[in-house]
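So the chains spell out like this:
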Amino acid sequence: MKNNRLFKAIMIGGVLAGAMAFTSVQAAAADLKIGVLVADVSGEEAQGFRAYYENYIADNYDVEFVYTDALEDAAGEKAAIEKFVSQGCQAIISLSSSDRATQLDTCEEYGVYYAIASGVLDDELFEAYKGYEYFAGQVGPSNATEFEAGVKMGEFFKEQGVTSVAMYGAFIPNPMHVFRAAGVIAGLGDTYGGTNDMGGMIGQIFADQKVDPAKVEGDVELCAYLQGYGDTTTDEINAVVAKEPEAFLSVGMATTFFTQILNEAGIPFADIDSFTEANGAAIKEGQLVYLAGKYSSSIGPVFALIKNAVDGNVIRDEEGNAPSFSQGYLVATDGASFDEYYVADNGDTPIYDKETLDTIIGEDVTYDDVKALVEAN
Amino acid sequence: MEAGSEKTKQLLITLLPVLALAVLFILFCTFVKAKGYRLDIYLKTIFNQGVVLAVVATGAIFIYTLGSFDISLGAATLFAATVGVLTYNATENFPLMILAIFGTAVACSLFSSILASAFHIPAFVTTVAMLSVLSAVSAQIITTKGGALGGIGIPKTLVKPLDNPPFKITLLAIFFLVCFFVFQLTKIGRRQKFIGGNPVCARLTGIPYNKYAIIAFTMAGIGVGLGAFLTLVYTPSVTTTTASGIGMNIFVAIVFGGMPISGGARSRIHAALIGGFSYILLNNILELALEGSSAYGITQIVSAVFFLAVVCVTSMNYRTDLLPR
Amino acid sequence: MSIRRKVIGTLAIPVIVGVILEAICLAHGQNVITNMKSFNNFVVYTAIVMITTMALSINLNSGRFDFSLGSMAALSAVIGAKISYALLGGGSGSAYLMLAITIASGALLGLASGCVYVILRIPPIITSLGVTLIYEGVLYTITGGKYVMTEVQNVSMSGFVGTWIHAAVLILLIVVFVIFLFDHTRFGYNYNALRSGQKVAVNTGIREVPNAVGCYVVCGALMGIVGFLNAARNTNINGGQLNFGSIAIMFTAFLPMFIGSYIGRFSNDKLGYLLAAVCMSLLNSTFAVFSNSITASVQSIINAVLLVVFLIYLNNEDLLTRLFVTRGKQAGA
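Analysis parameters
Residues numbered from 1 in each chain as written. Chains lettered and ligands numbered in written order. Predicted model: local features only at pLDDT ≥ 70, side-chain atom pairs only at ≥ 80, totals over all residues. Helix = DSSP H or I, 4+ residues; strand = E, 2+ residues; numbered from the N terminus. Rg over C-alpha atoms; globule rule 2.2 N^0.38 Å. Buried ≥ 20, exposed ≤ 12 C-beta atoms within 10 Å, placed from the backbone. Contact = placed C-beta atoms within 7 Å. Nonpolar A, V, L, I, M, F, W, Y, C, P; charged D, E, K, R; others polar. Pairing = 2+ DSSP bridges. Axes fitted to C-alpha atoms, helices over the stretch in contact; angles between N-to-C directions. Core = buried A, V, L, I, M, F, W, Y, C linked by C-beta atoms within 7 Å. Domains from an automatic or database assignment. Parallel < 35°, antiparallel > 145°, perpendicular 65-115°, else oblique. Left-handed = near helix turned anticlockwise from the far one by under 90°. Right-handed = clockwise from strand over helix to strand, strands pointing away. pLDDT = per-residue confidence, 0-100.

A. Broad picture of the overall build of chain B. Check the secondary structure of chain B and you find 13 helices and 2 strands. For chain B, the C-alpha radius of gyration of 20 Å lies close to 20 Å, the compact-globule estimate for 325 residues. Based on the C-alpha atoms only, the size of chain B along its principal axes is roughly 70 × 60 × 35 Å.

B. Representation of the overall build of chain C in the model. A tally of regular secondary structure across chain C gives 15 helices and 2 strands. Scaling as 2.2 N^0.38, a compact globule of 333 residues should have a C-alpha radius of gyration of about 20 Å, and chain C matches this with 21 Å. Considering only C-alpha atoms, chain C reaches an extent of 75 × 60 × 35 Å along its principal axes. The buried share of chain C, taken over its 333 residues, is 52%. At a minimum sequence separation of 6, the contacts of chain C that also span at least 24 residues come to 82%.

C. Examining the interface of chain B and chain C more closely. Facing 39 residues of chain B, the contacting portion of chain C comprises 44 residues. Among the secondary structure elements, those contributing two or more residues to the side of chain B that touches chain C are helix H4 (94-119), helix H5 (123-146), helix H11 (246-256) and helix H13 (295-314) of chain B. Looking at the side of chain B that touches chain C, the element that brings in the most residues is H13(B), giving 12 residues. Grouping the constituent residues of the side of chain B that touches chain C by class yields 26 nonpolar, 11 polar and 2 charged.

D. Up close: the sheet that holds strand E1 (residues 32-38) of chain A. Residues and elements named next belong to chain A. Judged by pairing direction, the sheet is parallel, and its 6 strands sit side by side in the order E2-E1-E3-E4-E5-E13 without closing on themselves. The open sheet has two edge strands, strand E2 (63-67) and strand E13 (324-326), and neither has a second partner. Adjacent strand axes in the sheet meet at a mean angle of 20°, parallel and antiparallel pairs treated alike. Relative to E13, strand E5 (residues 135-140) runs parallel, the two being bridged by 3 bridges. Along E13, the bridge assignment pairs Gly-140 with Ser-326.

E. Molecular detail of the nonpolar core. Core analysis: the biggest nonpolar cluster contains 349 residues, and Ala182(A), Ile306(A), Ala60(B) and Ile254(B) have the highest contact counts within it. Once residues lying within four places of it in the same chain are set aside, the contact partners of Ile254(B) are Ala57(B), Ala60(B), Ile61(B), Tyr64(B), Met259(B), Ile261(B), Ala271(B), Ala272(B) and Gly275(B).

F. Representation of the domain arrangement of chain C in the model. Residues and elements named next belong to chain C. Here the domain parsing of chain C yields domain 1 (1-31 + 257-333) and domain 2 (36-252). Each of domain 1 and domain 2 has a C-alpha centre, and the two are 26 Å apart. Here the side of domain 1 that touches domain 2 takes 11 residues from helix H13 (residues 269-289), the largest share from any one element.

G. Main features of the sheet that holds strand E12 (residues 288-294) of chain A. All names here are of chain A. Sheet architecture is open: 6 strands sit in the order E9-E6-E10-E11-E12-E14, paired in mixed fashion. Where the open sheet ends on each side, the last strands, each with one partner, are strand E9 (221-226) and strand E14 (330-332). With strand direction ignored, the average angle separating the axes of adjacent strands in the sheet is 25°. Here E12 pairs with E14 via 3 bridges, running antiparallel. Bridging across to E14, Gly-293 finds its partner in Leu-330. Contacts from helix H6 (residues 143-159) reach strand E6 (164-168), strand E10 (247-250), strand E11 (269-274), E12 and E14, with the element oriented near 165° to E12. Where helix H12 (residues 277-285) meets the sheet, its contacts fall on E11, E12 and E14, and the angle it forms with E12 comes to roughly 155°.

H. Local environment of the interface of chain A and chain B. On the side of chain B, 40 residues touch chain A, which itself brings 40 residues to the contact. Looking at the side of chain A that touches chain B, the elements with two or more residues in it are helix H1 (2-23), helix H3 (74-86), helix H4 (100-110) and helix H8 (198-208) of chain A. Here the element with the most residues in the side of chain A that touches chain B is H1(A); it accounts for 11 residues. Residues belonging to the side of chain A that touches chain B are distributed by class as follows: 17 nonpolar, 14 polar and 9 charged.

I. Examining the packing of helix H8 (residues 187-197) of chain B against helix H10 (residues 209-234) of chain B more closely. Residue and element names in this part refer to chain B. Following both chains from N to C, one finds H8 and H10 inclined at 115°, their axes separated by 10 Å at the closest point. One way to sum up the angle between H8 and H10 is to call them roughly perpendicular. The chirality of how H8 crosses H10 is left-handed. Across the interface between the two elements, Ile-188, Arg-191, Gln-192 and Ile-195 of H8 pack against Tyr-209, Tyr-212, Ile-215 and Ala-216 of H10. Of the residues in the contact of H8 with H10, the class split is 6 nonpolar, 1 polar and 1 charged.

J. Structural context of the packing of helix H2 (residues 39-65) of chain B against H10(B). Residue and element names in this part refer to chain B. For the pair H2 and H10, interaxial distance at closest approach is 6 Å and the crossing angle is 170°. Between H2 and H10, the angle falls in the class roughly antiparallel. Where H2 approaches H10, its residues Asn-48, Val-51, Val-52, Val-55, Val-56, Thr-58, Gly-59, Ala-60, Phe-62 and Ile-63 are matched on the opposing element by Ala-216, Phe-217, Met-219, Ala-220, Ile-222, Gly-223, Val-224, Leu-226, Gly-227, Leu-230, Thr-231 and Tyr-234. In the contact of H2 with H10, the residues fall into 16 nonpolar, 6 polar and no charged.

K. Here's a closer look at the pairing of strand E4 (residues 113-116) of chain A. Residue and element names in this part refer to chain A. Here E4 shows a buried face lined by Tyr-113 and Ala-115 and a second buried face lined by Tyr-114 and Ile-116. Relative to E4, strand E3 (residues 91-95) runs parallel, the two being bridged by 4 bridges. Counted as the bridge partner of Ile-92 is Tyr-114 from E4. One crossover worth recording links E3 to the parallel E4 by way of H4, and it is right-handed. Two strands pair when backbone bridges link them, and E4 and E5 are joined in this way by 3 bridges, in the parallel orientation. Across the sheet, residue Tyr-114 finds its bridge partner in E5, namely Phe-135. Chirality of the crossover, the property in question, places the unit of E4, helix H5 (residues 123-129) and E5 among those that are right-handed.

L. Inspection of H8(B) at higher detail. Inspection of H8(B) places Gly189(B), Arg191(B), Gln192(B), Lys193(B), Phe194(B), Ile195(B) and Gly196(B) among the buried residues, and these make up the whole buried set. On its buried face, H8(B) sits against H2, helix H7 (165-185), helix H9 (199-204) and H10 of chain B.

M. Broad picture of unusual backbone geometry. Going from Ile172(A) to Pro173(A), the amide bond is cis rather than trans, its omega being 20°. With respect to the helices and strands, Pro173(A) occurs in the loop between E6 and helix H7 (175-187). Here the phi dihedral of Glu92(B) falls at roughly 55°; this positive angle occurs in a residue that is not glycine. When the 12 C-beta atoms within 10 Å are taken as the criterion, Glu92(B) is described as exposed.

N. Examining the pairing of E10(A) more closely. Residues and elements named next belong to chain A. Burial along E10 is two-sided: Ala-247 and Leu-249 and Phe-248 and Ser-250, pointing in opposite directions, are all buried. Here 2 bridges tie E10 to E11, and the two strands are oriented parallel to one another. Counted as the bridge partner of Phe-248 is Phe-269 from E11.

O. The environment of Thr45(B), seen in detail. Considering the arrangement of structural elements, one finds Thr45(B) in helix H2. A count of 20 C-beta atoms within 10 Å places Thr45(B) in the buried class. If sequence neighbours within four positions are ignored, Thr45(B) has contacts with Ala79(A), Glu82(A) and Lys83(A).

P. Structural detail: the environment of Val63(A). You can see Val63(A) is positioned in strand E2. Through-space distance from the C-alpha of Val63(A) to that of Leu32(A) is 4.6 Å; in sequence the pair is 31 residues apart.

Q. Focus on the confidence of the model for chain C. Predicted confidence across chain C gives a mean pLDDT of 91, with 97% of residues reaching 70 or more. In the model output, the complex is listed with pTM 0.87 alongside ipTM 0.87.

R. Structural view of the environment of Asp66(C). All names here are of chain C. With respect to the element layout, Asp-66 can be found in the loop between helix H2 (36-60) and helix H3 (69-88). A tally of 28 C-beta atoms within 10 Å means that Asp-66 is categorised as buried. Sequence-wise, Asp-66 and Asn-234 are 168 residues apart; in three dimensions their C-alpha atoms are separated by 24 Å. In this structure, Asp-66 is in contact with Asn-59, Pro-124, Ser-128 and Cys-219, ignoring residues within four places of it in sequence.

See the structure below:
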């Protein structure tokens with residue numbers, strides 16, 4: 001008897017849920033619906049991007065953004081694109097990079113515009129896909145830019161006269177972290193495995209699956225190195241502290257994992273992250289002395305490319321291919337320079353505000369217009 | 001009269017997973033239509049999401065029937081796909097790639113089983129160890145070979161012609177029918193249920209556990225191989241996170257399908273198929289109903305509560321005075 | 001068994017492990033424990049492994065597989081961190097307050113988990129799947145999927161794990177408490193009776209339901225302590241662990257659980273878990289020493305191989321003994 005009641009309850013629940021679906025209030029449809037693929041839903045940078053699109057862009061343009069859950073693999077990305085297409089999205093913006101080639105193929109198959117807003121395609125892949133009809137383009141730090149961000153960090157400390165540094169390789173062999181790490185070594189004026197050429201260094205780091213301190217040679221000594229995050233990390237970071245490096249150079253995530261430990265140890269550190277409140281505190285009150293980061297509205301030009309494409313003005317470069325714009329990092333080395341970017345790119349007054357974006361949105365906008373604006377910021 | 005009512009109740013409870021699947025399917029279609037979305041594409045996507053889980057979990061039923069379980073199947077799927085990609089890239093021979101995928105999958109599965117059988121250690125512990133080893137080795141291969149691409153892959157043109165529902169439905173149907181035949185119509189399935197229900201009694205009647213364990217792990221290996229192949233057909237690349245969600249979802253799928261995790265006589269070969277698709281449908285319904293990033297956590301809570309409710313109802317016939325273990 | 005044999009049997013594994021690992025380190029001009037900070041970490045990690053192993057073994061020894069340990073640790077730690085920060089703002093005494101709240105919330109989560117099990121009366125492995133998903137969902141909803149950092153980054157927290165004394169006191173208290181509870185109280189007698197013969201124990205009048213729920217409460221409280229220690233040690237709590245992202249912690253406790261059970265034959269299994277945790281912590285410290293040459297992947301493989309090799313020995317001990325005795329006799333003849 002009890003069982004029957006429970007059974008009925010489940011069936012009634014099902015019917016009620018069905019009724020809910022019918023009665024669910026739907027917002028008035030926007031002119032443009034964009035699906036956004038995200039791999040990280042929790043990071044400060046990811047949340048800043050999302051807030052910019054949902055709170056600023058959506059308020060100023062007739063557009064609706066639909067987001068995925070944290071995508072884990074290529075199959076998840078492809079399924080998400082198919083669901084977006086089913087939901088009537090006219091375009092996809094990608095912040096997820098498990099398999100960009102499949103993302104592009106899927107968008108081409110369904111005829112929806114596609115743009116990359118984070119971690120651009122490497123040269124070989126871009127060559128293969130730049131002619132795709134629905135590829136609207138990519139704006140973000142290229143691998144060369146990632147390398148350059150590392151170089152600048154290394155140079156900053158070399159100019160400070162450091163002779164011994166420790167390094168955090170974050171999640172090497174993640175390609176972005178490999179390029180940054182190679183850049184840091186080059187920026188310090190050192191070589192890796194006898195070379196300071198980008199290609200030669202990253203090839204070796206991929207093969208080693210880490211930075212091997214024994215292969216770093218030059219004036220600045222790499223006295224300690226760690227990467228990843230797990231049970232041994234606390235021991236490793238304490239071993240680093242015990243070696244008393246003059247600086248701790250990280251290619252990502254150090255502000256999340258090590259701020260407190262490095263502050264207590266009094267070791268100046270650098271990171272490539274984003275302009276967030278917590279990082280502001282670390283640079284003003286702690287030992288963070290160098291922060292290379294992106295600002296939340298840096299994904300504005302990608303929106304412009306997509307909007308233009310959907311409106312019929314598909315921006316193409318001189319050769320008729322999808323545009324690729326490299327965006328650099330902003331660098332803060334003290335509280336004042338941090339505030340310059342953090343305050344300037346907040347809430348209702350983003351760096352890429354409506355007025356600025358409107359200069360690259362429209363039927364007459366050209367490749368050169370977008371290029372000029374992106375390079376200017 | 002009372003007996004008739006009891007019979008109806010039993011039948012209803014037995015059919016509940018199927019009914020739940022039907023209700024979820026109707027609900028899903030209702031939600032998609034109510035929101036004005038394209039049902040055809042959504043159904044294709046749901047099928048693609050469910051088919052890999054369904055084949056791997058169907059193979060795993062043989063292991064679960066014995067009262068054991070294998071937590072490394074997701075990692076084995078990743079490893080088999082990785083070896084498949086490496087094989088193709090080295091030889092450019094498609095049949096050899098398929099052979100490598102299935103060979104690797106069955107070998108991984110058999111290795112766990114033989115290790116457990118030969119050295120008398122609990123099979124689940126060997127699978128925990130295999131989970132670590134296979135994930136670590138795959139990650140090492142993928143990151144070393146993938147370099148700046150972050151993953152490895154085969155040419156998309158190779159598998160594109162196969163990425164369609166009729167082909168996948170055919171593969172699923174063939175695999176399911178083979179499993180159904182072995183499980184329901186041969187002594188293998190009957191004896192495996194016997195072992196799962198009462199291993200001591202089974203041993204005393206002369207049924208060799210090791211032999212049936214090896215058969216079970218072989219079937220699971222074939223399921224893993226097929227899952228790895230279908231993964232590559234859907235997306236012709238492998239990253240370190242490929243198939244990462246499958247391992248634990250197999251548990252949920254099998255239980256959702258109305259089969260006790262302890263195996264034995266109440267094991268059902270169709271449980272994984274029904275449960276796998278039910279779970280995928282449920283998650284997609286919740287996704288549609290609770291949109292927004294803050295809802296990810298709530299979606300999971302509702303999904304888990306529903307899961308427990310379904311299991312609670314489907315297991316009502318088998319309650320004992322003692323707490324189950 | 002003679003006292004001498006008991007002492008040797010109890011201490012053999014940790015001593016052998018310590019000697020081997022130190023020898024490996026010395027061969028490379030290093031030490032397993034290099035300085036006081038390293039020792040502090042060693043003790044804190046020992047506490048984490050020992051408590052997790054005890055929490056896992058309490059239910060697993062009774063045939064109850066529990067996937068929810070990791071989610072209980074993370075969720076109770078977040079609850080403790082949020083409440084203690086709201087009350088003290090990270091000031092003096094924050095760590096102690098957080099520890100107390102985390103233990104209480106861990107016990108409540110364990111109680112809820114136990115109640116789901118005894119009310120639904122479905123196998124614990126299945127209820128733990130559901131409970132894990134629910135706790136991960138709650139964790140994500142509370143934190144928005146972000147790392148919890150501000151609430152756990154303060155002097156009080158870093159001071160707690162900045163010395164080995166707190167962790168050592170926790171180890172001592174927990175070992176005494178668990179030995180007392182499971183070996184010297186009616187609850188413990190009932191637990192052991194139910195563990196070795198569920199049906200007979202129930203037929204003799206032992207109330208199984210309160211005992212099972214009690215076990216879940218103790219597990220929850222223990223995992224609360226683990227959650228607190230992890231938060232203090234890592235200076236953050238990962239709030240974005242969806243879809244069984246929290247279960248890995250359970251797998252790390254298998255090897256110490258089997259080693260501890262083996263050592264327990266010579267003394268007491270709880271003491272065995274402590275000594276097994278010491279072994280695991282020594283191994284962890286060694287991994288840290290060689291972190292530049294042993295990647296995380298290799299560490300996973302080494303741990304997995306050790307687990308299998310130890311179990312092969314454990315389950316074939318008689319066979320191996322017979323083999324060696326026979327060979328010894330043959331050699332003697």
